[in-house]
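# Architecture and fold: a report
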Amino acid sequence: MPRFDRYLLAQLTVLFGFFALVLVSVYWVNRGVSLFDDIIGDGQSALVFLEFAALTLPNVIRLVLPIAAFAATVYVINRLTNESELVVMQALGCSPWRLARPVAIFGLLVAIPICILTHFLVPASRAQLDLRQAEISSDFTARFLSAGQFLHPAGGITVFIRDITRSGELKQIYLSDATSPGTRVTYTANRAFLVQSDDGPKLVMVDGMAQWLREEDRRLSIATFDDFAYDISALIGSARIRRPSLDVMSTRDLLFPSPELIEAAGKPKAVFLYEGHARTAQGLLAVAGALIGYGALMVGGFSRFGLGRQIGLAIALLIAVNFLNNTAAGFAQRDESYWPVTYLPPLAGIGIGLGLIWLSAMRHRRRRPRQERPA
(Lines give C-alpha, C1' and ligand atoms only; values in the text may rest on other atoms or scores of the structure.)
Protein backbone atom coordinates (compact mmCIF):
# COMPACT_ATOMS: atom_id res chain seq x y z
CA MET A 1 0.00 0.00 0.00
CA PRO A 2 1.47 3.42 -0.94
CA ARG A 3 2.57 5.69 1.85
CA PHE A 4 -0.23 8.24 1.40
CA ASP A 5 -2.85 5.50 1.49
CA ARG A 6 -1.43 4.24 4.77
CA TYR A 7 -1.34 7.78 6.13
CA LEU A 8 -4.95 8.55 5.19
CA LEU A 9 -6.16 5.16 6.39
CA ALA A 10 -4.39 5.67 9.71
CA GLN A 11 -6.02 9.08 10.13
CA LEU A 12 -9.45 7.63 9.38
CA THR A 13 -8.94 4.73 11.77
CA VAL A 14 -7.80 6.90 14.68
CA LEU A 15 -10.69 9.34 14.30
CA PHE A 16 -13.11 6.46 13.79
CA GLY A 17 -12.02 4.97 17.10
CA PHE A 18 -12.48 8.34 18.82
CA PHE A 19 -15.97 8.99 17.43
CA ALA A 20 -17.04 5.39 18.05
CA LEU A 21 -15.91 5.61 21.67
CA VAL A 22 -17.72 8.90 22.25
CA LEU A 23 -20.95 7.85 20.54
CA VAL A 24 -21.03 4.44 22.22
CA SER A 25 -20.47 6.08 25.60
CA VAL A 26 -23.27 8.62 25.10
CA TYR A 27 -25.73 6.10 23.70
CA TRP A 28 -24.85 3.47 26.30
CA VAL A 29 -25.20 5.88 29.22
CA ASN A 30 -28.63 7.01 27.99
CA ARG A 31 -29.70 3.39 27.61
CA GLY A 32 -28.24 2.53 30.99
CA VAL A 33 -30.31 5.18 32.81
CA SER A 34 -33.62 3.60 31.81
CA LEU A 35 -32.18 0.12 32.33
CA PHE A 36 -31.02 1.10 35.82
CA ASP A 37 -34.52 2.25 36.78
CA ASP A 38 -36.05 -1.00 35.51
CA ILE A 39 -33.51 -3.36 37.09
CA ILE A 40 -32.99 -1.65 40.43
CA GLY A 41 -36.71 -0.86 40.69
CA ASP A 42 -37.42 -4.60 40.56
CA GLY A 43 -35.16 -5.18 43.53
CA GLN A 44 -32.17 -6.55 41.61
CA SER A 45 -28.57 -5.97 42.56
CA ALA A 46 -26.01 -3.74 40.86
CA LEU A 47 -24.27 -6.82 39.44
CA VAL A 48 -27.43 -7.72 37.53
CA PHE A 49 -27.54 -4.20 36.14
CA LEU A 50 -23.92 -4.43 35.00
CA GLU A 51 -24.64 -7.80 33.37
CA PHE A 52 -27.62 -6.42 31.48
CA ALA A 53 -25.69 -3.31 30.45
CA ALA A 54 -22.87 -5.48 29.07
CA LEU A 55 -25.35 -7.59 27.10
CA THR A 56 -26.80 -4.48 25.44
CA LEU A 57 -23.36 -3.22 24.40
CA PRO A 58 -23.01 -5.23 21.12
CA ASN A 59 -26.27 -3.79 19.79
CA VAL A 60 -25.21 -0.27 20.77
CA ILE A 61 -21.91 -0.71 18.92
CA ARG A 62 -23.76 -2.02 15.87
CA LEU A 63 -25.90 1.11 15.72
CA VAL A 64 -23.02 3.53 16.27
CA LEU A 65 -20.30 2.20 13.93
CA PRO A 66 -21.81 3.47 10.61
CA ILE A 67 -22.30 6.93 12.09
CA ALA A 68 -18.77 6.93 13.49
CA ALA A 69 -17.37 5.95 10.06
CA PHE A 70 -19.21 8.84 8.41
CA ALA A 71 -18.12 11.34 11.08
CA ALA A 72 -14.49 10.22 10.87
CA THR A 73 -14.45 10.53 7.08
CA VAL A 74 -15.96 14.02 7.10
CA TYR A 75 -13.61 15.23 9.83
CA VAL A 76 -10.43 13.85 8.24
CA ILE A 77 -11.23 15.02 4.70
CA ASN A 78 -12.21 18.48 5.98
CA ARG A 79 -8.97 18.79 7.96
CA LEU A 80 -6.75 17.57 5.12
CA THR A 81 -8.48 19.98 2.75
CA ASN A 82 -8.08 22.96 5.07
CA GLU A 83 -4.41 22.08 5.57
CA SER A 84 -4.00 21.81 1.76
CA GLU A 85 -2.73 18.23 1.93
CA LEU A 86 -5.35 16.95 -0.51
CA VAL A 87 -4.75 20.01 -2.70
CA VAL A 88 -1.07 19.10 -2.91
CA MET A 89 -1.87 15.48 -3.76
CA GLN A 90 -4.22 16.61 -6.53
CA ALA A 91 -1.57 19.00 -7.84
CA LEU A 92 0.82 16.03 -8.02
CA GLY A 93 -1.61 14.27 -10.34
CA CYS A 94 -3.74 12.19 -7.95
CA SER A 95 -7.35 12.24 -9.09
CA PRO A 96 -10.31 12.09 -6.66
CA TRP A 97 -10.77 8.46 -7.74
CA ARG A 98 -7.22 7.67 -6.69
CA LEU A 99 -7.61 9.44 -3.35
CA ALA A 100 -10.89 7.58 -2.73
CA ARG A 101 -9.14 4.20 -2.54
CA PRO A 102 -8.13 4.37 1.15
CA VAL A 103 -11.62 5.72 1.99
CA ALA A 104 -13.24 2.72 0.28
CA ILE A 105 -10.86 0.36 2.08
CA PHE A 106 -11.73 2.08 5.36
CA GLY A 107 -15.45 1.61 4.70
CA LEU A 108 -14.94 -2.09 3.99
CA LEU A 109 -12.85 -2.50 7.14
CA VAL A 110 -15.69 -0.97 9.19
CA ALA A 111 -18.26 -3.16 7.43
CA ILE A 112 -16.47 -6.36 8.57
CA PRO A 113 -17.00 -5.87 12.35
CA ILE A 114 -20.55 -4.66 11.71
CA CYS A 115 -21.34 -7.90 9.87
CA ILE A 116 -19.72 -9.92 12.67
CA LEU A 117 -21.87 -8.07 15.17
CA THR A 118 -25.14 -8.37 13.26
CA HIS A 119 -24.71 -12.04 12.29
CA PHE A 120 -23.19 -13.45 15.49
CA LEU A 121 -22.59 -11.22 18.52
CA VAL A 122 -25.86 -9.27 18.62
CA PRO A 123 -28.14 -12.36 18.27
CA ALA A 124 -26.10 -14.19 20.91
CA SER A 125 -26.19 -11.26 23.36
CA ARG A 126 -29.91 -10.70 22.82
CA ALA A 127 -30.61 -14.40 23.35
CA GLN A 128 -28.70 -14.30 26.64
CA LEU A 129 -30.46 -11.06 27.59
CA ASP A 130 -33.89 -12.60 26.95
CA LEU A 131 -32.90 -15.66 28.96
CA ARG A 132 -31.80 -13.56 31.93
CA GLN A 133 -34.94 -11.42 31.72
CA ALA A 134 -37.07 -14.57 31.80
CA GLU A 135 -35.13 -15.84 34.81
CA ILE A 136 -35.56 -12.57 36.67
CA SER A 137 -39.25 -12.29 35.81
CA SER A 138 -39.78 -15.73 37.36
CA ASP A 139 -37.56 -14.94 40.35
CA PHE A 140 -40.30 -13.81 42.69
CA THR A 141 -37.98 -13.76 45.72
CA ALA A 142 -35.95 -10.93 44.14
CA ARG A 143 -39.13 -8.90 43.76
CA PHE A 144 -40.56 -9.53 47.22
CA LEU A 145 -37.64 -10.24 49.54
CA SER A 146 -36.47 -6.65 50.00
CA ALA A 147 -36.92 -5.33 53.51
CA GLY A 148 -37.51 -1.75 54.51
CA GLN A 149 -38.79 -0.39 51.19
CA PHE A 150 -42.02 -0.16 49.24
CA LEU A 151 -42.00 -2.41 46.17
CA HIS A 152 -44.29 -2.38 43.15
CA PRO A 153 -43.93 -5.79 41.48
CA ALA A 154 -46.96 -5.16 39.23
CA GLY A 155 -49.45 -2.47 38.41
CA GLY A 156 -51.76 -1.79 41.35
CA ILE A 157 -49.68 -3.90 43.78
CA THR A 158 -47.68 -2.39 46.65
CA VAL A 159 -45.64 -4.50 49.09
CA PHE A 160 -43.73 -3.50 52.22
CA ILE A 161 -41.75 -5.87 54.48
CA ARG A 162 -40.30 -4.60 57.73
CA ASP A 163 -37.73 -7.34 58.21
CA ILE A 164 -36.60 -10.69 56.79
CA THR A 165 -35.03 -13.39 58.94
CA ARG A 166 -32.20 -15.64 57.83
CA SER A 167 -34.64 -18.52 57.48
CA GLY A 168 -36.70 -16.53 54.96
CA GLU A 169 -39.54 -15.59 57.28
CA LEU A 170 -41.10 -12.21 56.52
CA LYS A 171 -41.90 -9.97 59.46
CA GLN A 172 -44.63 -7.32 59.51
CA ILE A 173 -45.79 -7.45 55.92
CA TYR A 174 -48.10 -4.99 54.17
CA LEU A 175 -49.70 -5.77 50.79
CA SER A 176 -52.11 -3.50 48.90
CA ASP A 177 -54.03 -4.93 45.92
CA ALA A 178 -55.82 -2.38 43.69
CA THR A 179 -56.00 -4.52 40.56
CA SER A 180 -59.78 -5.04 40.77
CA PRO A 181 -61.76 -2.01 39.49
CA GLY A 182 -63.64 -0.23 42.24
CA THR A 183 -62.14 -2.28 45.07
CA ARG A 184 -58.92 -2.04 47.06
CA VAL A 185 -57.84 -4.89 49.31
CA THR A 186 -55.16 -4.35 51.94
CA TYR A 187 -53.50 -7.25 53.75
CA THR A 188 -51.39 -6.93 56.88
CA ALA A 189 -49.78 -9.81 58.72
CA ASN A 190 -47.27 -10.36 61.49
CA ARG A 191 -45.51 -13.14 59.59
CA ALA A 192 -45.45 -14.48 56.03
CA PHE A 193 -43.66 -17.06 53.90
CA LEU A 194 -43.04 -17.47 50.20
CA VAL A 195 -43.72 -21.05 49.08
CA GLN A 196 -43.87 -22.86 45.76
CA SER A 197 -46.88 -24.96 44.77
CA ASP A 198 -48.08 -26.78 41.69
CA ASP A 199 -50.17 -23.76 40.74
CA GLY A 200 -47.29 -21.32 41.15
CA PRO A 201 -45.73 -19.30 43.99
CA LYS A 202 -47.89 -18.37 46.97
CA LEU A 203 -47.48 -15.80 49.70
CA VAL A 204 -48.73 -17.41 52.93
CA MET A 205 -49.58 -14.78 55.55
CA VAL A 206 -50.04 -15.75 59.21
CA ASP A 207 -51.94 -13.89 61.96
CA GLY A 208 -53.16 -10.99 59.89
CA MET A 209 -56.07 -8.88 58.71
CA ALA A 210 -57.70 -8.11 55.35
CA GLN A 211 -59.52 -4.84 54.60
CA TRP A 212 -61.81 -4.42 51.59
CA LEU A 213 -62.59 -0.85 50.55
CA ARG A 214 -65.38 -0.44 48.02
CA GLU A 215 -64.84 2.89 46.32
CA GLU A 216 -68.43 3.23 45.12
CA ASP A 217 -69.92 3.82 48.57
CA ARG A 218 -66.62 4.08 50.52
CA ARG A 219 -67.64 1.05 52.59
CA LEU A 220 -64.90 -0.76 54.48
CA SER A 221 -65.05 -4.44 55.42
CA ILE A 222 -62.54 -6.04 57.76
CA ALA A 223 -61.72 -9.70 58.39
CA THR A 224 -59.01 -11.34 60.44
CA PHE A 225 -57.35 -14.63 59.60
CA ASP A 226 -54.98 -17.13 61.16
CA ASP A 227 -53.38 -17.96 57.82
CA PHE A 228 -54.12 -16.90 54.25
CA ALA A 229 -52.50 -17.84 50.92
CA TYR A 230 -52.18 -15.08 48.32
CA ASP A 231 -51.47 -16.17 44.74
CA ILE A 232 -48.60 -14.14 43.27
CA SER A 233 -48.05 -16.19 40.12
CA ALA A 234 -50.09 -13.71 38.06
CA LEU A 235 -47.87 -10.85 39.23
CA ILE A 236 -44.65 -12.30 37.87
CA GLY A 237 -46.08 -13.78 34.70
CA SER A 238 -44.70 -17.25 35.35
CA ALA A 239 -47.26 -18.84 33.05
CA ARG A 240 -46.87 -16.33 30.25
CA ILE A 241 -45.76 -17.85 26.96
CA ARG A 242 -43.37 -15.70 24.95
CA ARG A 243 -43.02 -16.02 21.22
CA PRO A 244 -39.49 -16.49 19.88
CA SER A 245 -37.91 -13.21 18.86
CA LEU A 246 -36.39 -12.73 15.41
CA ASP A 247 -33.54 -10.75 16.97
CA VAL A 248 -32.11 -13.86 18.65
CA MET A 249 -32.42 -16.20 15.66
CA SER A 250 -29.45 -17.14 13.51
CA THR A 251 -29.14 -15.70 10.03
CA ARG A 252 -29.64 -19.16 8.54
CA ASP A 253 -32.99 -19.53 10.33
CA LEU A 254 -34.06 -16.11 9.09
CA LEU A 255 -33.11 -16.72 5.46
CA PHE A 256 -34.49 -20.28 5.40
CA PRO A 257 -37.28 -20.35 8.01
CA SER A 258 -39.25 -23.54 8.53
CA PRO A 259 -43.07 -23.45 8.63
CA GLU A 260 -42.96 -24.42 12.31
CA LEU A 261 -40.66 -21.50 13.12
CA ILE A 262 -42.86 -19.04 11.20
CA GLU A 263 -45.92 -20.28 13.07
CA ALA A 264 -44.17 -20.09 16.44
CA ALA A 265 -42.94 -16.53 15.86
CA GLY A 266 -46.27 -15.34 14.50
CA LYS A 267 -44.58 -13.29 11.77
CA PRO A 268 -44.84 -13.64 7.97
CA LYS A 269 -41.96 -15.05 5.98
CA ALA A 270 -41.29 -11.63 4.43
CA VAL A 271 -40.29 -10.30 7.87
CA PHE A 272 -37.89 -13.23 8.33
CA LEU A 273 -36.22 -12.57 4.98
CA TYR A 274 -35.94 -8.85 5.63
CA GLU A 275 -34.35 -9.34 9.05
CA GLY A 276 -31.85 -11.83 7.62
CA HIS A 277 -30.76 -9.67 4.68
CA ALA A 278 -30.79 -6.47 6.76
CA ARG A 279 -27.91 -7.84 8.82
CA THR A 280 -25.67 -7.77 5.75
CA ALA A 281 -27.11 -4.51 4.44
CA GLN A 282 -26.18 -2.74 7.67
CA GLY A 283 -22.52 -3.40 7.00
CA LEU A 284 -22.82 -1.84 3.54
CA LEU A 285 -24.23 1.32 5.11
CA ALA A 286 -20.78 2.00 6.59
CA VAL A 287 -19.26 1.90 3.09
CA ALA A 288 -22.01 4.21 1.83
CA GLY A 289 -21.46 6.68 4.69
CA ALA A 290 -17.71 6.84 4.11
CA LEU A 291 -18.08 7.41 0.34
CA ILE A 292 -20.80 10.03 0.80
CA GLY A 293 -18.71 11.92 3.34
CA TYR A 294 -15.65 11.84 1.07
CA GLY A 295 -17.48 12.62 -2.17
CA ALA A 296 -19.50 15.53 -0.78
CA LEU A 297 -16.40 17.28 0.59
CA MET A 298 -14.35 16.65 -2.57
CA VAL A 299 -16.99 18.30 -4.77
CA GLY A 300 -16.33 21.68 -3.19
CA GLY A 301 -12.57 21.69 -3.46
CA PHE A 302 -10.36 24.04 -1.47
CA SER A 303 -11.95 27.19 -0.01
CA ARG A 304 -10.67 29.72 2.51
CA PHE A 305 -14.22 29.93 3.88
CA GLY A 306 -14.25 26.26 4.81
CA LEU A 307 -16.43 23.41 3.65
CA GLY A 308 -19.52 24.11 5.70
CA ARG A 309 -21.91 23.75 2.76
CA GLN A 310 -20.32 20.49 1.67
CA ILE A 311 -20.54 19.10 5.22
CA GLY A 312 -24.20 20.08 5.34
CA LEU A 313 -24.73 18.35 1.99
CA ALA A 314 -23.06 15.18 3.30
CA ILE A 315 -25.28 15.15 6.41
CA ALA A 316 -28.42 15.76 4.33
CA LEU A 317 -27.53 12.90 1.97
CA LEU A 318 -26.86 10.56 4.89
CA ILE A 319 -30.25 11.44 6.40
CA ALA A 320 -31.88 10.78 3.01
CA VAL A 321 -30.23 7.34 2.85
CA ASN A 322 -31.46 6.49 6.34
CA PHE A 323 -34.96 7.68 5.42
CA LEU A 324 -34.81 5.46 2.34
CA ASN A 325 -33.69 2.61 4.59
CA ASN A 326 -36.78 2.99 6.78
CA THR A 327 -39.03 3.14 3.74
CA ALA A 328 -37.42 0.08 2.19
CA ALA A 329 -37.86 -1.83 5.46
CA GLY A 330 -41.61 -1.35 5.38
CA PHE A 331 -41.80 -2.23 1.70
CA ALA A 332 -39.63 -5.36 1.97
CA GLN A 333 -41.77 -6.76 4.79
CA ARG A 334 -44.94 -6.68 2.72
CA ASP A 335 -44.09 -9.62 0.48
CA GLU A 336 -41.35 -12.24 0.60
CA SER A 337 -40.42 -11.59 -3.04
CA TYR A 338 -39.44 -7.99 -2.19
CA TRP A 339 -36.38 -8.94 -0.11
CA PRO A 340 -33.89 -7.45 -2.67
CA VAL A 341 -35.25 -4.01 -1.72
CA THR A 342 -33.37 -4.42 1.58
CA TYR A 343 -30.10 -3.74 -0.24
CA LEU A 344 -31.43 -0.69 -2.11
CA PRO A 345 -30.57 1.98 0.55
CA PRO A 346 -26.88 1.02 1.01
CA LEU A 347 -26.40 0.52 -2.73
CA ALA A 348 -28.08 3.87 -3.37
CA GLY A 349 -25.77 5.47 -0.81
CA ILE A 350 -22.72 3.92 -2.47
CA GLY A 351 -24.01 5.13 -5.84
CA ILE A 352 -24.46 8.66 -4.49
CA GLY A 353 -20.93 8.64 -3.11
CA LEU A 354 -19.51 7.40 -6.43
CA GLY A 355 -21.53 10.03 -8.28
CA LEU A 356 -20.11 12.79 -6.09
CA ILE A 357 -16.58 11.48 -6.67
CA TRP A 358 -17.25 11.47 -10.43
CA LEU A 359 -18.40 15.11 -10.27
CA SER A 360 -15.29 16.11 -8.33
CA ALA A 361 -13.10 14.21 -10.83
CA MET A 362 -14.73 16.06 -13.75
CA ARG A 363 -14.15 19.42 -12.07
CA HIS A 364 -10.54 18.47 -11.30
CA ARG A 365 -10.00 17.42 -14.91
CA ARG A 366 -11.35 20.73 -16.25
CA ARG A 367 -9.10 22.74 -13.91
CA ARG A 368 -5.86 20.91 -14.73
CA PRO A 369 -5.25 22.41 -18.25
CA ARG A 370 -5.54 25.95 -16.84
CA GLN A 371 -3.16 25.13 -14.00
CA GLU A 372 -0.54 23.60 -16.33
CA ARG A 373 -0.71 26.39 -18.91
CA PRO A 374 2.62 28.38 -18.95
CA ALA A 375 2.53 31.98 -17.74
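A brief report on the enclosed structure follows. Since the model is a prediction, treat every value here as computed from it, not as a measurement. (Residues numbered from 1 in each chain as written. Predicted model: local features only at pLDDT ≥ 70, side-chain atom pairs only at ≥ 80, totals over all residues. Heavy atoms only, no water.)

Turning to the overall build of the protein, a few remarks are in order. Counting its secondary structure elements, the protein contains eleven helices and six strands. Considering the protein as a whole, with its 375 residues, one finds that 41% of them fall into the buried category. Counting contacts in the protein only where the partners sit at least 6 residues apart, residues at least 24 apart contribute 61% of the total. Only carbon and sulfur atoms are counted for the fraction: they give 60% of the accessible area of the protein, which is about 20,200 Å². (Helix = DSSP H or I, 4+ residues; strand = E, 2+ residues; numbered from the N terminus. Buried < 20%, exposed > 50% of the residue type's maximum accessible area, 1.4 Å probe, protein only. Contact = heavy atoms within 4.5 Å. Areas by Shrake-Rupley, 256 points an atom, 1.4 Å probe, with all protein chains shown as cover.)

Attention shifts here to helix H10 (residues 308-332). Each turn of an α-helix holds 3.6 residues, which means side chains three or four residues apart point in the same direction. If you check H10, its first and last C-alpha atoms are 36 Å apart, about what 25 residues at 1.5 Å a residue would give, namely 36 Å. Buried residues of H10: Gln310, Ala314, Leu317, Leu318, Val321, Ala328, Ala329 and Ala332, and no others. (Expected span 1.5 Å × (residues − 1).)

Moving on to unusual backbone geometry. With a phi close to 65°, Ser84 is a non-glycine residue in the positive phi region. You can see Ser84 is positioned in the loop between helix H2 (46-82) and helix H3 (85-91). A positive phi angle is found at Asp207, which is not glycine, with a value near 55°. Its place among the elements puts Asp207 in strand E5 (residues 200-214). Note on Asp207: relative accessible area 44%, which makes it partly exposed.

At a minimum axis separation of 11 Å, H2 and H10 run at an interaxial angle of 165°. The angle between H2 and H10 falls in the class roughly antiparallel. Of the two possible hands of crossing, H2 and H10 adopt the one that is right-handed. Of the residues in H10, those touching H2 at Phe70, Val74 and Asn78 are Ile311, Ala314, Ile315 and Leu318. Class assignment of the residues belonging to the contact of H2 with H10 gives a composition of six nonpolar, one polar and no charged. (Axes fitted to C-alpha atoms, helices over the stretch in contact; angles between N-to-C directions. Parallel < 35°, antiparallel > 145°, perpendicular 65-115°, else oblique. Left-handed = near helix turned anticlockwise from the far one by under 90°. Nonpolar A, V, L, I, M, F, W, Y, C, P; charged D, E, K, R; others polar.)

In this structure, strand E1 (residues 150-151) lies alongside strand E2 (residues 157-164), joined through two bridges in antiparallel fashion. Among the inter-strand pairings, Phe150 is bridged to a residue of E2, identified as Phe160. Linking two consecutive strands that pair antiparallel, namely E1 and E2, is a turn of five residues; a positive phi of about 85° is found at Gly156 within it. Summarising the sheet, E2 and strand E3 (residues 170-177) pair through seven bridges and their orientation is antiparallel. Each bridged residue has a counterpart across the sheet, and for Val159 the counterpart in E3 is Leu175. From the end of E2 to the start of E3, which pair antiparallel, there are five residues, and Gly168 there has a positive phi angle of about 95°. (Pairing = 2+ DSSP bridges.)

Moving on: the nonpolar core. Grouped together as the largest cluster of nonpolar side chains are 49 residues, with contacts concentrated most on Leu8, Phe16, Leu99, Phe106, Val110 and Tyr294. Considering each element in turn, this core owes the most residues, twelve residues, to helix H9 (residues 269-300). Residues in contact with Phe16, not counting those within four places in the same chain, are Leu65, Ala68, Ala69, Ala72, Phe106 and Val110. The next biggest cluster of nonpolar side chains, apart from the first, holds 17 residues, and it includes Ile157, Ile161, Ala210 and Phe225. (Core = buried A, V, L, I, M, F, W, Y, C linked by side-chain atoms within 4.5 Å.)

A volume near 630 Å³ is recorded for the largest pocket. What lines the largest pocket is a set of 31 residues, and nearest its centre among them are Arg62, Leu63, Gln282, Leu285 and Asn325. Mapped by element, the contributors of at least two residues to the lining of the largest pocket are H2, helix H4 (96-138), H9 and H10. Partitioned by chemical class, the residues of the lining of the largest pocket number 18 nonpolar, eight polar and five charged. (1 Å grid on protein atoms, 1.4 Å probe; cavity = no way out; pocket = protein on both sides within 12 Å on 5 of 7 lines; lining within 4 Å. Points joined across faces, edges and corners; volume = space filled by probe spheres on them.)

All right, on to the pattern of salt bridges then. Evaluated as defined, the whole model comprises nine salt bridges. With a shortest N-O distance of 2.8 Å, Arg132 and Glu51 are connected by a salt bridge. Taken together, the residues Arg132 in helix H4 and Glu51 in helix H2 connect sequence positions 81 residues apart. By relative accessible area, Arg132 is classed as buried at 16%. Exposure remark for Glu51: the relative accessible area of 29% places this residue in the partly exposed category. Residues participating in the shared-partner salt-bridge network are Asp5, Arg98 and Arg101. (Salt bridge = Lys/Arg side-chain N within 4 Å of Asp/Glu carboxyl O.)

Turning next to the environment of Glu336. For Glu336, the location among the structural elements is in the loop between H10 and helix H11 (344-372). Given a relative accessible area of 40%, Glu336 falls into the partly exposed group. Each C-alpha atom, one on Glu336 and one on Phe272, is 8.5 Å from the other, the two residues being 64 residues apart in sequence. When neighbours within four sequence positions are excluded, Glu336 is seen to be in contact with Lys269, Ala270 and Leu273.

The next subject is a nonpolar patch on the surface. A cluster of nonpolar residues, Leu109, Ile112, Ile116, Phe120 and Leu121, forms a patch on the protein surface that exposes about 490 Å² of accessible area. Looking at the secondary structure, you find Leu121 in helix H4. (Patch = residues over 30% accessible without salt bridge, like charges linked within 9 Å, V, L, I, M, F, W, Y side chains within 5 Å.)

The subject of this paragraph is the packing of aromatic side chains. Applying the stated rule across the entire model yields ten aromatic pairs. When the ring of Phe331 is compared with that of Tyr338, the centres are 4.7 Å apart and the planes differ by 10°; the resulting orientation is stacked. Grouped by ring-pair contacts, the aromatic residues Tyr187, Phe225, Phe228 and Tyr230 constitute a single cluster. (Phe/Tyr/Trp six-rings, centres within 6.5 Å; stacked < 30°, edge-to-face > 60°.)

In short, the description is geometric, and any link to function would need to be established separately.
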